[in-house]
Amino acid sequence: MIVGTAGHIDHGKSALVRALTGIETDRLAEEQARGITIELGFAYADLGGGAVTGFVDVPGHEKFVHTMLAGAGGIDLALLVVAADDGIMPQTREHLAILDLLGISRGMVALTKSDLAPPDRIAALTAEIAELLAPTGLAGSPVFPVSSLTGAGIDPLRAALVRAEAQTAARAAEARFRMAIDRSFSLAGAGTVVTGTVLSGRVSPGDHLVISPRGLPARVRDIRAQNRKAEAGLAGQRCALNLAGDGVTREAIHRGDVALDPILHAPTQRIDVMLRVLGSEPKPLATWFPARLHLGAAETGARIVPLEGPLAPGEEGLAQLVLDRSLAATLGERFILRDVSARRTIGGGRLIDLRAPARHRARPERLAVLRAMALSDPADALAALAGLALVDLDSFARDRALAPAQLDRAIAVSGVAIVPGTRQALGLGRLQALRRQMQAELTAFHAENADLQGLGREKLRLMLDPRLPKPDFAAFLRAEAAAGHIALDGAFIRLPGHLPRLAPEDEALLDRILPQLAGEDRFRPPRVRDLAQECGADEAEIRRILRMAARQGRIDQIAHDHFFARATTVEMVGIIRDLGTQAADGWFTAPAFRDRVQNGRKVAIQILDFFDRLGLTLRRGDLRRINPHRIDLFTPDGSDKRE
């Protein structure tokens, strides 16, 4: 269990911790010998219950915000300290407000210097404290009159802390690892050491981490947890990690950085939040209000953009924070906002969306998404989000630090549907509606364009709601085609039973033309003028029929008046695959293709330009290579097999 002290300067916090643990947090000789500047005071002791309790001691008011917020994510219990002679001070109220904004709901009150006050003063002050705590998350917290000088009341407080230690629930050890760094230093013979509170997950020697937001890779060499050598560091513990790696130095790692699982490294500079403004604020917060953000051990400038109008003192609402620099963050984390002069606390709240948009941030549909994201349970949030919009499951898990097993549970409990072939989730009803809309759009298109092959892929993608990202849409189309719901025809999508129709006389003429596009000369088929002369027909008529056949997917117009049989096009795609496979880096030349099709340079270039236009090949100067995202254009089932 981690206990965080709070209270007015000179109210006896350090003396109380010393009385409980026997450790002087203001002067740690071991750290003085190492030349470390002590900004945070820590003490670790077995209070009698067999477990190690850690105390985060705050030496003074100006350091309170820095210190308390540096370990806020790991504090299990707040120990509010009030001196019996001074009583409740303005700073006591501010500290309590901060604890409340941080969502800390387990606490005790130590009424220190009780030997300096008579019983009636103790009784009156106890009643005052109960009234002060009543509207906060610490309402009902027990009050212990104590004297660090005489030892009176220390044993009952210690016993209460032992009981609280036994009742402390294990933190999210199965989640991905995150540790808020509050100190970085060097030790002779060991190298770089960072300390902080493990917010989630576990870490072991040999694990590879990233120091975010910089993105510095590091490897864990050794661990101390709760001030003892350990084989693992767990969520809820204070840990010191001995790190190694290129560029891993004391100077490269700063207070406010986060050591985390590499998958979680995704810094952000624009965050949507649920913000509560303290009632002590003199006026409402309007758009672009400047403030200082405290998130974990990090601090930076921020601008506040309320999303539903100005936030009045005492109000809570949605807002966007635009930060001066990128930070590592996780959804659900608590934050505090102070004024730019650091003289008063403005408010605080929870992070809701780490990928907040700069535009359309206050539209009703966007606000609905934010309210869904604000749900604390991952399964509830996933179910609500999937009913409103596409949910990228990998991003959903990353921004919540969910391990694969946790994500799988959230998917199962939420009952969402995964879009076939993708990592996108939708509500089952929305996925069914997406399929119905696609069928309806194709049906309407075929009814109005009976002579056309089908809808273009990108045009269809832009017509559907929700709009899938291009790679996911391609995967969705392949899955729907495999299920027989649609047919993929080159760059077009059609219903399985649809084929463009030619008049009987046009079909008869096409039957005479098609054999001339196949056979040994299939890579050098006759042009329109040659076909017209051979068939004794008008060039314009031949051109019209061939273009109709191209819409049907039976032939392809490679260049002006130059048509190839579809089977020949598929064969040429296979040749391009071969050339890419044979090339060391996948890039092949036009002459290499020309030699394979035994054609002239001009026609070979026309063919390659045709594939360039479709996006099947990527061009770099005189070189080309297969585009893996478009390789399925001429394979009806969407596979990568050769035909």
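- Identification of the protein chain as Selenocysteine-specific elongation factor from Paracoccus thiocyanatus is taken from an unreviewed UniProt entry.
- In its Function (unreviewed entry) section, UniProt records this for the protein chain: "Translation factor necessary for the incorporation of selenocysteine into proteins. It probably replaces EF-Tu for the insertion of selenocysteine directed by the UGA codon. SelB binds GTP and GDP."
- Regarding the protein chain, the UniProt comment filed under Subcellular location (unreviewed entry) reads as follows: "Cytoplasm".

## Digging into helix α17 (residues 566-582)
Spacing of three or four residues puts side chains on the same side of an α-helix, whose turn is 3.6 residues.
Here's step 1: With 17 residues, α17 ought to run about 24 Å at 1.5 Å a step, and its terminal C-alpha atoms sit 25 Å apart, in line with that.
Here's step 2: For α17, a buried count of 12 out of 17 residues is recorded, marking the element as mostly surrounded by other parts of the structure.
Here's step 3: Buried residues of α17: R566, T568, T569, V570, M572, V573, G574, I575, I576, R577, L579 and G580, and no others.

## Here we look at the pattern of salt bridges
Here's step 1: All chains considered together, the criterion is met by 34 salt bridges.
Here's step 2: When the shortest N-O distance is used, the salt bridge between D155 and R158 registers 2.8 Å. Here D155 pairs with R158, and both are found in helix α6 (residues 154-167), just 3 residues apart, close to one helical turn.
Here's step 3: Classification of R158 as buried rests on a relative accessible area of 19%.
Here's step 4: Where D612 meets R624, a salt bridge forms, and the shortest distance between an N and an O atom there is 2.9 Å. Note that D612 is positioned in helix α19 (residues 601-614) and R624 in strand β32 (residues 623-626), a separation of 12 residues in sequence.
Here's step 5: One salt-bridge network, held together by shared partners, links D609, D612, R619 and R624.

## What to know about the packing of aromatic side chains
The geometry of an aromatic ring pair comes down to the distance between the two centres and the angle between the two planes.
Here's step 1: Considering all chains together, one arrives at 1 aromatic pair under this definition.
Here's step 2: Between F610 and F611, the ring centres sit 5.3 Å apart and the planes meet at 55 degrees, which makes this aromatic pair tilted.
Here's step 3: Note on F610: relative accessible area 7%, which makes it buried.
Here's step 4: Judged by relative accessible area, F611 falls into the buried class, the value being 0%.
Here's step 5: In this structure, R620 packs its charged tip against the face of W587, placed 4.2 Å from the ring centre.

## Regarding the side chain of T345
Here's step 1: Looking at where T345 falls in the secondary structure, it is placed in strand β21 (residues 345-353).
Here's step 2: Among the polar contacts made by the side chain of T345, one reaches the side chain of E94 at a distance of 2.7 Å.
Here's step 3: What T345 contacts, discounting residues up to four positions off in sequence, is E94, I98, L101, L278, S280, E281, I336, L337 and R338.

## Focus on unusual backbone geometry
Here's step 1: Cis rather than trans, the peptide bond between S212 and P213 has omega equal to 15 degrees.
Here's step 2: Across the junction of D465 and P466, the peptide omega takes the value 5 degrees, indicating a cis bond.
Here's step 3: Relative to the helices and strands, P466 is located in the loop between α12 (457-463) and α13 (470-482).
Here's step 4: The backbone of K113 shows a phi angle near 55 degrees, a positive value even though the residue is not glycine.
Here's step 5: Secondary-structure assignment places K113 in the loop between β5 (107-112) and α5 (119-133).
Here's step 6: Despite not being glycine, A401 shows a phi value in the positive range, around 60 degrees.

The rules behind these values
Residues numbered from 1 in each chain as written. Predicted model: local features only at pLDDT ≥ 70, side-chain atom pairs only at ≥ 80, totals over all residues. Heavy atoms only, no water. UniProt positions renumbered as here; feature names shortened; annotations may be inferred. Helix = DSSP H or I, 4+ residues; strand = E, 2+ residues; numbered from the N terminus. Expected span 1.5 Å × (residues − 1). Buried < 20%, exposed > 50% of the residue type's maximum accessible area, 1.4 Å probe, protein only. Salt bridge = Lys/Arg side-chain N within 4 Å of Asp/Glu carboxyl O. Phe/Tyr/Trp six-rings, centres within 6.5 Å; stacked < 30°, edge-to-face > 60°. Lys NZ or Arg CZ within 6 Å of the ring centre and 35° of its normal. Polar contact = N/O pair within 3.5 Å; in protein donor to acceptor, adjacent residues only side chain to side chain. Contact = heavy atoms within 4.5 Å.

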